[in-house]
Amino acid sequence: METKNNSSLYWSLLKFKDWQLYIASTSKGLVFVGSQNKPFEELVEWAKKRFPGSTLVENDEMLAPYVVEITQYLEGKRKTFTVPFEYVGTPFQQAVWDALCEIPYGQTKSYSDIANAINKPAAVRAVGAAIGANPVLLTVPCHRVTGKNGFLTGYRGGLEMKTLLLDLEKRASSNNE
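Conventions we followed
Residues numbered from 1 in each chain as written. Predicted model: local features only at pLDDT ≥ 70, side-chain atom pairs only at ≥ 80, totals over all residues. Heavy atoms only, no water. Helix = DSSP H or I, 4+ residues; strand = E, 2+ residues; numbered from the N terminus. Buried < 20%, exposed > 50% of the residue type's maximum accessible area, 1.4 Å probe, protein only. Pairing = 2+ DSSP bridges. Axes fitted to C-alpha atoms, helices over the stretch in contact; angles between N-to-C directions. Contact = heavy atoms within 4.5 Å. 1 Å grid on protein atoms, 1.4 Å probe; cavity = no way out; pocket = protein on both sides within 12 Å on 5 of 7 lines; lining within 4 Å. Points joined across faces, edges and corners; volume = space filled by probe spheres on them. Nonpolar A, V, L, I, M, F, W, Y, C, P; charged D, E, K, R; others polar.

## Section: unusual backbone geometry
Thinking step 1. The residue Asn119 is not glycine, and still its phi comes out positive at about 60 degrees.
Thinking step 2. Along the polypeptide, Asn119 turns up in the loop between α4 (111-117) and α5 (124-132).
Thinking step 3. The class for Asn119 is exposed, based on a relative accessible area of 66%.
Thinking step 4. Within the chain, Leu138 stands out as a residue other than glycine whose phi angle is a positive 70 degrees.

Structure below.
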């Protein structure tokens, strides 16, 4: 597992309607978007694994650009993100996460579609594991991946959150046509 030793991770609590998401960044970019309404511990445990020895520093001002774009997305007003990311993962995970960013807003792909997109058609399970390790929910849209049959499958944020995000994108897509 790829980790970074960094002195500080900056975090903020994003509140939108009945949603609360912890988000974190380094000085280079967004590194973590938490699950809907999960406790601060989710971020703490992730940071221990991926950024061992770093200090978590609350910094609403530094995270403001991320909060703005994620809020716009949750309002159905933003389809893509322009804020910088700093992926912390293996080259394979990063390839999978890049492929997720290619899934058009309001559409879904299967795990095998992603495996084919990164030229590893036999690596469907490894693709699933990499998707499950995606640290930046919403912004790297792992919620757009479904089973081959179109059914919703696991999601770090829970299936309720996945359903809400897919419904939000369907509504926003149909409103803008």
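Once you've had a look at it, read on.
## Observations concerning the sheet that holds strand β1 (residues 8-16)
Thinking step 1. The strand order across the open sheet built from 4 strands is β3-β2-β1-β4, with neighbouring strands paired in mixed fashion. Strand pairing shows two members of the sheet lacking a second neighbour, β3 (30-33) and β4 (55-58), which therefore form its edges. Direction aside, neighbouring strands of the sheet carry axes that sit 30 degrees apart on average.
Thinking step 2. Pairing analysis gives 3 bridges linking strand β2 (residues 19-25) to β3, with the strands arranged antiparallel. Bridged to Ser25 within β3 is Leu30.
Thinking step 3. In the packing of helix α2 (residues 60-74) onto the sheet, the strands contacted are β1, β2, β3 and β4, and the crossing angle to β1 comes to about 40 degrees.

## Description of the side chain of Gln93
Thinking step 1. With respect to the helices and strands, the residue Gln93 is situated in helix α3 (residues 91-101).
Thinking step 2. The residues contacting Gln93, other than those within four sequence positions of it, are Arg50, Ala130 and Ala133.

## Structural notes on the layout of surface pockets
Thinking step 1. Put simply, the largest pocket is a space of about 180 Å³.
Thinking step 2. Lining the largest pocket are 12 residues, with Trp46, Lys49, Arg50, Ala133 and Arg156 positioned closest to its centre.
Thinking step 3. Here the element with the most residues in the lining of the largest pocket is helix α1 (residues 40-50); it accounts for 5 residues.
Thinking step 4. Residue composition of the lining of the largest pocket, grouped by class: 5 nonpolar, 2 polar and 5 charged.

Purely spatial values, then, with no claim about function.
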